[in-house]
Each structure stands twice: as C-alpha cells, then as structure tokens.
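# Survey of secondary and tertiary structure
What follows is the residue order along each chain.
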Amino acid sequence: MAASPAATVTAEKALSFITKGWREVKDSADADLQLMKDRAKSFKTLASSFDREFENFLTSASRSTFAVPAISATSTPAEIDFVKRLQPKFTEFRRAYSSPDFSRRVLEKWSPRAKLRIDLSAIKNAIVSEVEEFEERERFFRGIRERFKTERENEEGFSKDWEPIKAFKLRLREFEQKNSSSELFGGFRKSEFVEKLQSNLKLILKETNEGNVRTDEVPPLDFPELLAHLVRQSEPFLDQLGVSRGISDKIVESLCSKSKSHLRLSSLSSEETSIIESDNINDELDMRIASVLQSTGHCYEGGLWTDSTKHDVSDGKRHVAIVTTASLPWMTGTAVNPLFRAAYLSKSAMQNVTLLVPWLCRADQELVYPNNLTFGSPEEQELYIRRWLEERVGFKADFKISFYPGKFSKERRSIMPAGDTSQFISSKDADIAILEEPEHLNWYYHGKRWTDKFNHVVGIVHTNYLEYIKREKNGALQAFLVKHVNNLLTRAYCHKVLRLSGATQDLPRSEICNVHGVNPQFLKIGEKVAAERECGQKAFSKGAYFLGKMVWAKGYRELIDLLAKHKTELDGFKVDVFGNGEDAHEVQSTAKRLDLNLQFMKGRDHADDSLHGYKVFINPSVSDVLCTATAEALAMGKFVVCAEHPSNEFFKSFPNCLTYKTPEDFVAKIREAMDNEPHPLTPEQQYHLSWEAATQRFMEYSDLDKILTNTDSNSQPNNYNEKMSKSVSMPNISDMVDGGMAFTHYVLTGNSFLRLCTGATPGTLEYDQQHSKDLHLLPPQVAHPIYGW
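The following refers to the structure shown. As the structure is a computational prediction, the values presented were derived from the model and not from experiment.

Definitions and cut-offs
Residues numbered from 1 in each chain as written. Predicted model: local features only at pLDDT ≥ 70, side-chain atom pairs only at ≥ 80, totals over all residues. Heavy atoms only, no water. Helix = DSSP H or I, 4+ residues; strand = E, 2+ residues; numbered from the N terminus. Areas by Shrake-Rupley, 256 points an atom, 1.4 Å probe, with all protein chains shown as cover. Pairing = 2+ DSSP bridges. Axes fitted to C-alpha atoms, helices over the stretch in contact; angles between N-to-C directions. Contact = heavy atoms within 4.5 Å. Buried < 20%, exposed > 50% of the residue type's maximum accessible area, 1.4 Å probe, protein only. Parallel < 35°, antiparallel > 145°, perpendicular 65-115°, else oblique. Left-handed = near helix turned anticlockwise from the far one by under 90°. Nonpolar A, V, L, I, M, F, W, Y, C, P; charged D, E, K, R; others polar. Salt bridge = Lys/Arg side-chain N within 4 Å of Asp/Glu carboxyl O. Expected span 1.5 Å × (residues − 1). Phe/Tyr/Trp six-rings, centres within 6.5 Å; stacked < 30°, edge-to-face > 60°. Lys NZ or Arg CZ within 6 Å of the ring centre and 35° of its normal.

## A look at the overall build of the protein chain
- Check the secondary structure of the protein chain and you find 33 helices and 16 strands.
- Of the accessible surface of the protein chain, which amounts to about 40,800 Å², a share of 52% is contributed by carbon and sulfur atoms.

## Some details on the sheet that holds strand β13 (residues 598–601)
- Taken in spatial order, the six strands line up as β13-β12-β11-β14-β15-β16 in an open sheet, and their pairing is parallel. Each edge of the open sheet carries a strand with a single partner, namely β13 and β16 (657–660). Mean inter-strand twist for the sheet, computed between neighbouring axes without regard to direction, equals 25°.
- Sitting on the sheet, helix α24 (residues 628–635) is in contact with β11 (542–547), β14 (614–619), β15 (639–643) and β16, with an inclination near 160° to β14.
- The strands that helix α25 (residues 663–675) touches are β11, β14, β15 and β16; relative to β16, the one it contacts most, it runs at about 160°.

## Considering the pairing of strand β7 (residues 432–436)
- Of all five residues making up β7, five are buried, and the element is well covered by its neighbours.
- Neither face of β7 is open: one carries Ile432, Ile434 and Glu436, the other Ala433 and Leu435, and all of them are buried.
- Across four bridges, the pairing between strand β3 (residues 318–323) and β7 is parallel. Across the sheet, Val320 pairs through a bridge with Ile432, a residue of β7.
- Sheet analysis places β7 next to strand β8 (residues 456–461), joined by five bridges and oriented parallel. Among the inter-strand pairings, Leu435 is bridged to a residue of β8, identified as Gly459.

## Concerning the sheet that holds strand β6 (residues 414–417)
- Within the open sheet, the eight strands sit side by side as β6-β5-β4-β3-β7-β8-β9-β10. Their pairing is mixed. Of all the strands in the sheet, the pair left with one neighbour each is β6 and β10 (510–512). Averaged over all pairs of adjacent strands, the angle between their axes in this sheet comes to 30°, without regard to strand direction.
- On the sheet, helix α27 (residues 691–701) packs against β7, β8, β9 (496–499) and β10 and is oriented at approximately 145° with respect to β9.

## With respect to the packing of helix α20 (residues 475–493) against helix α30 (residues 733–749)
- The N-to-C vectors of α20 and α30 enclose an angle of 110°; their axes lie 8 Å apart at closest approach. It follows that α20 is roughly perpendicular to α30 by the angle criterion. Crossing handedness for the pair α20 and α30: left-handed. Contacts between α20 and α30 involve Leu488, Leu489, Arg491, Ala492 and Tyr493 from the first element and Ser734, Asp738, Met741, Ala742 and His745 from the second.
- Split into classes, the residues belonging to the contact of α20 with α30 amount to six nonpolar, two polar and two charged.

## A look at the pattern of salt bridges
- The final tally for this structure, using the stated rule, is 17 salt bridges.
- A salt bridge links Arg413 to Asp583; its shortest N-O distance comes to 3.4 Å. Taken together, the residues span a long stretch of sequence, with Arg413 in the loop between β5 (400–409) and β6 and Asp583 in the loop between β12 (575–578) and α23 (584–593) at a distance of 170 residues.
- Residue Arg413 is classed as partly exposed on the basis of its relative accessible area of 31%.
- With its nearest N and O atoms 4.0 Å apart, the salt bridge here joins Lys574 to Asp576.
- Owing to a relative accessible area of 9%, Asp576 belongs among the buried residues under this scheme.
- When salt bridges that share partners are traced, they join Glu391, Arg392 and Asp605 into one network.

## Here we look at α20
- Over its 19 residues, α20 runs 26 Å from end to end, which matches the ideal 27 Å to within 8%, given 1.5 Å per residue.
- Every buried residue belonging to α20 is among Gly475, Ala479, Val482, His484, Asn486, Asn487, Leu489, Thr490, Arg491, Ala492 and Tyr493, and all of these are buried.

## Thoughts on the packing of aromatic side chains
- Throughout the structure, instances matching the rule amount to 20 aromatic pairs.
- Seen from their ring centres, Phe375 and Tyr384 are 5.6 Å apart, and the 55° between their planes marks the pair as tilted.
- Assessed through its relative accessible area of 4%, Phe375 is described here as buried.
- Summarising the aromatic geometry, the rings of Tyr660 and Phe666 are spaced 5.0 Å apart at their centres and angled 70° between planes, so their arrangement reads as edge-to-face.
- The exposure class of Phe666 is buried, given its relative accessible area of 0%.
- Aromatic ring contacts, followed pair by pair, group Tyr545, Phe546, Tyr556, Phe578, Tyr614 and Phe617 into a single cluster.
- Cation over ring: Lys347 sits above Phe395, and NZ or CZ is 4.8 Å from the ring centre.

## Thoughts on helix α21 (residues 520–534)
- Taking 1.5 Å of rise per residue, 15 residues should cover 21 Å, and α21 covers 21 Å from first to last C-alpha, within 8% of that figure.
- Among all positions in α21, only Pro520, Phe522, Leu523, Ile525, Gly526 and Val529 are buried.
- Contacts from the buried residues of α21 go to α14 (333–345), α16 (378–393), α24 and α26 (683–689).
- Note on α21: the residue one or two positions beyond its end, Gly536, has a positive phi of about 85°.

Structural measurements only, silent on function.
Written out as structure tokens, the structure reads:
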C-alpha cells in the first residue's frame, strides 16, 4: 500500500532538514571542529589518542613551522589557562562523539532496508532523535565559540588576528581536504552516506507518488485549446450573428483535434480517463480545462455584474418563490397551473413556498375578470383564491400568497408587471425563483437581476408568443425581433428553462418536459364515468364540443376552416363551442356567414356538470404550447381529436387521443370518435396526468430535487464531471456576456421614452399611486427618489 500524501511531505522535510543540518554543523563548528579533525586520522583513532594529538598540536604551535611570533611573558599564563579550561570540553566532546553506540544507532536507523517500502514513522523518529543529538553538539560548539570570544575580549592587548588561531584553521581545512574519503559513522563514508540517504528517500517519494492519482505535472493549455474554449464561450454571441451551434461545434472539434493528446488528459488516471472517453469533445475540453485549473489551485471568485451575496440557508430549510403573470378569477393557464404548483410543492416539508401574483386596480379588474367580479383588497382576492383551490385539491395548502403591481394591456391582452417585481420577495427569502413565462415577466422588467438575487432561477415557458405575433401586422419582422429578445432575456435571467412542449421557441439552457398536471377534480370525474360504464350505464349522451378563450389564435381559425372545407363530408355533425373573448363577435359572424353547424355558448369551467356528457373534445389549435383543456378532457375519459403537432406530443401516448395530419385525416378521426367508445384510463395513465407526477417531473428537470436535498455545501458529488466543476472554476465568458446583456437591458428599460417606443404599457416603469394605496406601499417617488435636482 502506497504511503499517504502526509508521509510524502514528512519525507521531503526530512531530506531538506538533514541536508541543512550537515551544512549548519560544518559552518557552526568552523575552525574548532576542524581542529579535532586535523589531529585525528579517523574518529576511532581520535577516541583513543585525542589528548596526545592535542598536546602535539600545542607543541607544534610553538615551533617555527607555524611562523608564530614570540608570545609576550604577560600573555603566556592567560593563554595557558585558556587551553587548560578548553581541554575538558574537548574531552567531553570526544567521549560523546566516539562512543561505539553512536555508530551502531546510526547504522540501525539509516541503513538501507531490504524492502523499498519504508515505514515513514520510523524515519521520522530516527530523524527527530538524531536532530536532537545534532542540536546538543551545536549548542556545545556555540559554547566553545562564546568562550573563545569572552577570553579574547577579557585579555588586554589581544589581537583579532591571533596567528595560532589562523594556523589552527588552516590545518583544519587541510585535514578536511586530505581526509574527504575517511570513514564516517562506522563504515559509511561521508559522501556515500549522503548519497545512500538521498537515494533511499527518492525511492520513498517514488513509491508514494505511485499511489496518487496524478504523478506528472499537468501540461498547460496550448493555443488551439484556448481558442476552442473561446469559441464555445462565444456561442451566444455567434448565435445572435446567425452562426449555428453545429458550425461552432465543428470549429471546436477541429481545434481540439490538434491537441488530442492533451484532451485525453494524460494527467488523469486510467479510471478517470475511462469516465470521459465516451463523452463528446466539449466534455473532454471541459475536463481538460478543469484539470489545468485544479493543478494551479486557481479559483474564480466572480466577475462583472456578479453579486456574491445570496440567500443563506442557515436554518436548513429552503424557500421557493413562484412568480406568475396572471391570477384567479381569470381562468387562464398562467393563473391556474402556478397555483397548483405552489399547492403541491408546499406539501413537502423541505421548503417554504410563496406564490407571487399580479394585483390589478379596480378599472383593470373589470376588463379582465369574468362576470364583473372585482376585489376591494388583496386580502379579499387571496381568500377567493384559497377557497377555489381547496375545493379542487381536497387539502389545505400551506403556502404564502403575495401580490405585485400589474397593469392590463389591451393590445397584448395580458397583464404586464409594473416596477421591480423582485422587491416583493424579501432578501431573506430570496433563494429559489420559478418564473412562469420568464420572457413575459422580463420584456420590460426594470429591477434587480433575478440570478443575482436568487441562488437558482427556473423559467417555465407556457406560451408560443412567436406564433401569436406572426398573425399580426408586420408579424414576420416582429417575430424575428422578439425571438432574439426572448433568447437574450432567458439567458440573462434564468439558470434553467423548461419548455412544456416542442411548440415553443428553442431557448438557451432549455429542456422539454410537461410539468403541468390535471386538476384532481377531473380525474374524479373520469373515475365516475368509468364506474357508470361498468354498471352498464351510458356515460356520454352528447357529441362533440370545443372550449377555449374566444380569440382567433386559440384555434378558432383552424376549426372554422376545417368545418367549412369538409361541410359536405361532415353533414349533420354539430359542435358546441364554449368561450368568451375579444374576437367573439367576429368569430360568430364568420361561422354564421359560412353556415357552419356551430352553436356558441358562454364560457364556463371545464368541470361544469353541463360538460360531463360530451364524448369528443375537438382541439385544432396549433398555437398552444400544451393545452390544459386537452389534458382535462383526457382525464375525464373523453376522446380528444387534435392536430399532429409538437404541442400534443405528450398526449399521443393515451389511446383516447386521436391525432390528424391532414384535413381529410381530421374527418376520419371525427368519424372514428363518434362511432366508438373511449377506453377507460388505467391507474398508470391517471397518475401520469396527475399533479403529483407533474411535480415529480418538475423537481427532476429543474434540478430542484438535487438542490433541496443538498443542504450540506461540503457534500461531494458522485459524478466526476460535477466534482471537477465544483473543485475549480475560471472566468466564464458566457456568464460575462449574460451579465452584460442584463445590464444593457436594465439601462434601456429605465428610459420611459424607449419603453414606449418598443410597445411597453404606459406607467409600468413604476407602480402608481393606486397600487401604493391598495398594496400599502410607499409612494413611488418616496420609494425611489430622484436625486440631484
């Protein structure tokens, strides 16, 4: 088993300390240590004849060989006394250093082992032991030097250039050169000892490194790799210039092919390399960059337009804020589905949930809400919403409802936010944000960037706005501009985007998944119908119907065209139409002019008892993203005749869903539905339509299941790619571009003139006085004063 990294560090320190110790012993002993070596041919001989050699030295010092000048009579006694005091110290050193046990202990501790794998703890103990002995000798020599210094300072007329000492040092240097090959430490020569010690430590280091993942230094990024990374980071900008992602991928692959050896990550182990061999070139490039950054220890702290202060989950419970563009009693998808999402998310104890809905002043309420229903306060509307929800889900949902100022746009037939919507979620609750229709919320949004205030932002695309815009005047040009605006906004304000179907615009960081369920009330109606049929009762007594807001884009144009073209084949076929809307008069007059067998009635709730008896629901719309009415009809056990379109892809797996591709096929599917009985739903099909299943899909595709369960920030991910991405980071050009786009959007939307020129609803830069009164807010001029007047 290879030694641990800590042992490797200890061994390296040991080698460095021993080398330094030899050098310091040599320097500190200086002439004093060399004096003994000069008079001894070996340490063993020195142990038995040190006294005699020292006397010879004193005798030789008085001879003419040293060319020592005559010593005055006054100084001779002091010098003799000094030598007498010095001699016992030399004798003490001789006994300690020439002891037979000294050589034996060193050999036992430092002789090479038979095995290459050396116990590092034994080396450590040996080093500590010998270091202590070296320190004792160093202190002894330091004492000798101090004694020399003191004696010289006390003697009057003592010369700094005392000739006997110079001769003493000279003899010591000659001894060192002459006896460089003399024996040391009982059989090992000095050079041999150091060489053997260093070679053994090298073996230890080599053996230790073999147990680590990386044995070689990671080579730096070369120019093709840097250029490939730059191309990848510039994909959003290239996309705006019309350069497709396929072309960008080919450029990256061409550049990386020149550095294939680097992309194979020679610095990784065989196990780690096998993990990424099956990935594409982009994944290999990411791993290559991550490995280089990890080897350098670099960690990116953030860049321009980055806010490092995020919600702190200190109590271990997360907070989810759902922001939507509509509210009950307006029976639209963005009012109903976010409400159910909040209810079912609140059933989990892992997070608190807040639903943020628009508040309309009385004048706008009269334009939007059906049956002249209005509310005098947000509390009154909240009570209405909770009662409606509890009647349908069958449980009391524990979540908070908040309101933000909104204004109804007659031209766009939708509610537009007024002011900074994010300010209505407090900073302590700003953790996870779910933006229902993120493009709609951010078209004219002028406030704090969502991704700066929240830790994780998920956008859910409900509406195919491009399809609606194409139907307007100059629709092709408007659709082109809106497509790119939506692309930029979702990149700048969302971490993840979920598209309900492939009918929506292809947005960055997006995935297709139906995260909507069906009101449990419709599933109960389907169970009731199935029970009646088992008892032999006739469940459906009526034919076909269509239900939807009466605007041309909701499928009324397609329905009238199909029925008018095949009026002869469908002779006697009648369709009841339920709906209210701005185009109601025009739709009805067109159907009457074409003499179509359509009966128009006021709009009503799809769960109304009067609709239970219909057997066939017709939905020819191709502008929907995911028609809620289609899902409700299938849950009630009815046939559904709909177009072969990406918006209906989720429903094709149900046997009662009959899709058509051509007008002739439409006629065939109508006849098939009218001549047969629907299949009862299986338990699996019922669950697939439920909000429990939709919530589970949402948690998975939005990554909330990982975020909400990963409360420990120090927990290690299992996937190697995730581990590498979390361990190191580098400045991301894509993030900087997103930040730049968000900043530019903030500046442009802060100008009232530019807002009006681009079609913004007047008075939406800030909420007005009525909003501040209804929502108990500070007046806008107080909340956002203008300085510098």
